[in-house]
Amino acid sequence: MSHQKKYKYTLSSNNGILSSEQRDFFEINGFIIIEQLIHETLLDQFKQRFIDICENRINRGGITVMKDISSIKKNQEVISNELIVNKIQDILWDDVFQQYFLHPKLLDYVQCITGNNIMAMHSMLINKPPDTGSMTSRHPMHQDLHYFAFRPADRIVATWTAMQTVTKDNGCLFVLPGSHIHPGKLLPHEYPEWKGGVNKGFHGIIGYDNYQKKYLDMNPGDTVLFHPLLIHGSGPNTSQETRKAISCHFASCECQYIDVTGTTQQNIAIEVKEIARRRGFNDMDFKDFWKFRSRLVRGLKMHL
């Protein structure tokens, strides 16, 4: 699915961090890996913080803890919650995790795509437990833009940093290179009809299973940046250990919120509003949801 045509740069110039070859690769393929961007000492701090949150050793504050549905059923007697929790979100303001979202070198690369004024919009640490046999540890193919109520897409970028060696065996990311150009649009997402069940919020694209996937083997600290229209996902963790990564979606402060009513995103907007209602936020709509969980990390705040 790779397209070797010249693609117009999102920004007319960058801060000199990305070479011409790297910029071309990102624009053509929709992703690029920066090796050893985050030091392992920092990753160790993130791992310990995650475990402390799982074991209720610290006050979670506004952090959202999510659990793998099949791991909950199988590991009810397991002492460690690390084998059950598959993701924590809304970690932008945590004293330890914020070292990632404010990391100067990371933001230098982000700035090549977003421009000088940057909002961190969606923060998470992903913990993929060993699969129980139900295949719920996999993540269906999707486009991250499905979850976002702001545009334009070209000024949004995800960063995903491996906190350990990640391979196909423990469920590394896979991507469809060039899919941000072709089909180059946001596709309908639904919950896949998987026999073992699907974790909450794991919407996916139907009909792209036969395309060739590129699996992204990565070492600790390696960081992939990718476009929000890039089709990607991850396979099951068939190893005996959990697989961890820390991730964030950044957007230009010049992006603006949109109304998703009547679009393919209406299903996720309804789901988010219901989650907010259960937490006591009865009047929170899809836009407010993103305003509530975002943070300025560089430059000046504007529309977001």
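A brief structural summary. For every chain, the first residue of its written sequence is number 1, and the numbers climb from 1 along that sequence. It should be noted that, the model being predicted, local features are given only for residues of pLDDT at least 70 and side-chain atom pairs only at 80 or more, the latter also being counted only at that level, while totals for whole chains, interfaces and linings use all residues. Hydrogen atoms and water are omitted, and side-chain values are computed over all heavy atoms in the structure.

1. Regarding the nonpolar core
To qualify as a nonpolar core, a set must consist of buried Ala, Val, Leu, Ile, Met, Phe, Trp, Tyr and Cys residues joined through side-chain atoms within 4.5 Å. Only protein chains enter the accessibility calculation, which uses a 1.4 Å probe; a residue is then buried when its area is under 20% of its type maximum, exposed when over 50%, and partly exposed in between. Counting 37 residues, the largest nonpolar core has F46, I88, F97 and F250 as the members making the most contacts within it. Labels follow the DSSP assignment, with helices taken as runs of H or I lasting at least four residues and strands as runs of E lasting at least two, numbered in each case from the N terminus. Elements represented by at least two residues in this core include exactly β1 (31–34), α2 (40–54), β3 (85–89), α4 (98–101), α5 (104–114), β4 (118–128) and β14 (243–252). Residues count as neighbours in contact if any of their non-hydrogen atoms are within 4.5 Å of one another. In this structure I88 touches F50, I53, I63, T64, V65, F97, S123, M124 and L125, once residues within four positions along its chain are discounted. Ranked by size, the runner-up nonpolar core spans 25 residues in total, among them L145, F148, L186 and A276.

2. Details of the pattern of salt bridges
The rule for a salt bridge is simple: a side-chain nitrogen of Lys or Arg has to be within 4 Å of a carboxyl oxygen of Asp or Glu. With the rule as written, the count across this model stands at six salt bridges. Notably, a salt bridge pairs R49 with D94, separated by 3.0 Å at the nearest N-O pair. Residue R49 is located in helix α2, and its partner D94 is located in the loop between β3 and α4; the two are separated by 45 residues in the primary sequence. When the shortest N-O distance is used, the salt bridge between R298 and D108 registers 2.9 Å.

3. Structural notes on the packing of aromatic side chains
Each Phe, Tyr or Trp ring, with Trp reduced to its six-membered ring, pairs with another whose centre is within 6.5 Å; inter-plane angles below 30 degrees give stacked pairs, above 60 give edge-to-face pairs, and intermediate values give tilted ones. What the rule picks out here adds up to ten aromatic pairs. Taken together, a centroid distance of 5.8 Å and an interplanar angle of 85° make the contact between F150 and W290 edge-to-face. Here F150 is found in strand β6 (residues 150–151), whereas its partner W290 is found in helix α7 (residues 286–293), with 140 residues between them in sequence. W290 matches F150 in its accessibility class, with the two residues each being buried. Taking the centre distance of 5.2 Å and the plane angle of 80° together, the rings of F289 and W290 count as edge-to-face. Three or more aromatic residues joined by ring pairs make a cluster, and in this case those are F148, F150, Y257, F289 and W290. A ring has a charge above it when a Lys NZ or an Arg CZ is no more than 6 Å from the ring centre and no more than 35 degrees off the ring normal. Taking the ring centre of W290 as reference, the NZ or CZ of R293 above it sits at 4.9 Å.

4. Quick look at α2
Here α2 is 15 residues long and its end C-alpha atoms lie 21 Å apart, about the 21 Å a rise of 1.5 Å per residue gives. Looking at α2, one finds that the buried residues are L42, L43, F46, R49, F50, D52, I53 and C54. On its buried face, α2 is in contact with β2 (64–67), β3, α4, β4, β7 (156–162) and β14. Just beyond α2, the residue with positive phi is N56, at close to 60°. Multiplying one less than the number of residues by 1.5 Å gives the expected span of a helix.

5. Let's talk about the pairing of strand β12 (residues 223–226)
Burial along β12 is two-sided: the residues T223 and L225 and V224 and F226 are all buried. A strand pair is defined by DSSP finding two or more bridges across the two strands. Where β7 and β12 come together, four bridges link them in antiparallel fashion. In the strand pairing of β12, A158 is matched with F226.

6. Some remarks on unusual backbone geometry
The residue after R151, namely P152, is reached through a cis peptide bond having omega 10°. Tracing the chain through its elements places P152 in the loop between β6 and β7. Cis peptide bonds are those with omega within 30 degrees of zero, and the linkage from H182 to P183 qualifies with 15°. Among the secondary structure elements, P183 is positioned in the loop between β8 (173–175) and β9 (189–190). Of note in this structure, D90 is not a glycine but carries a positive phi near 60°.

7. Side note on the sheet that holds strand β11 (residues 214–215)
Overall, antiparallel pairing links the four strands, which are arranged β5-β13-β8-β11 in an open sheet. Of all the strands in the sheet, the pair left with one neighbour each is β5 (139–142) and β11. Pairing geometry for β8 and strand β13 (residues 232–234), over three bridges, is antiparallel. Along β13, the bridge assignment pairs L173 with S234.

8. Concerning the environment of I88
By secondary structure assignment, the location of I88 is in strand β3. A residue is classified by how much of its surface remains accessible, and I88, at 0% relative accessible area, is buried.

9. Some points on helix α1 (residues 20–29)
Looking at α1, one finds that the buried residues are R23, F26, E27, I28 and N29. One or two steps after α1, the chain reaches G30, where phi turns positive at roughly 90°.

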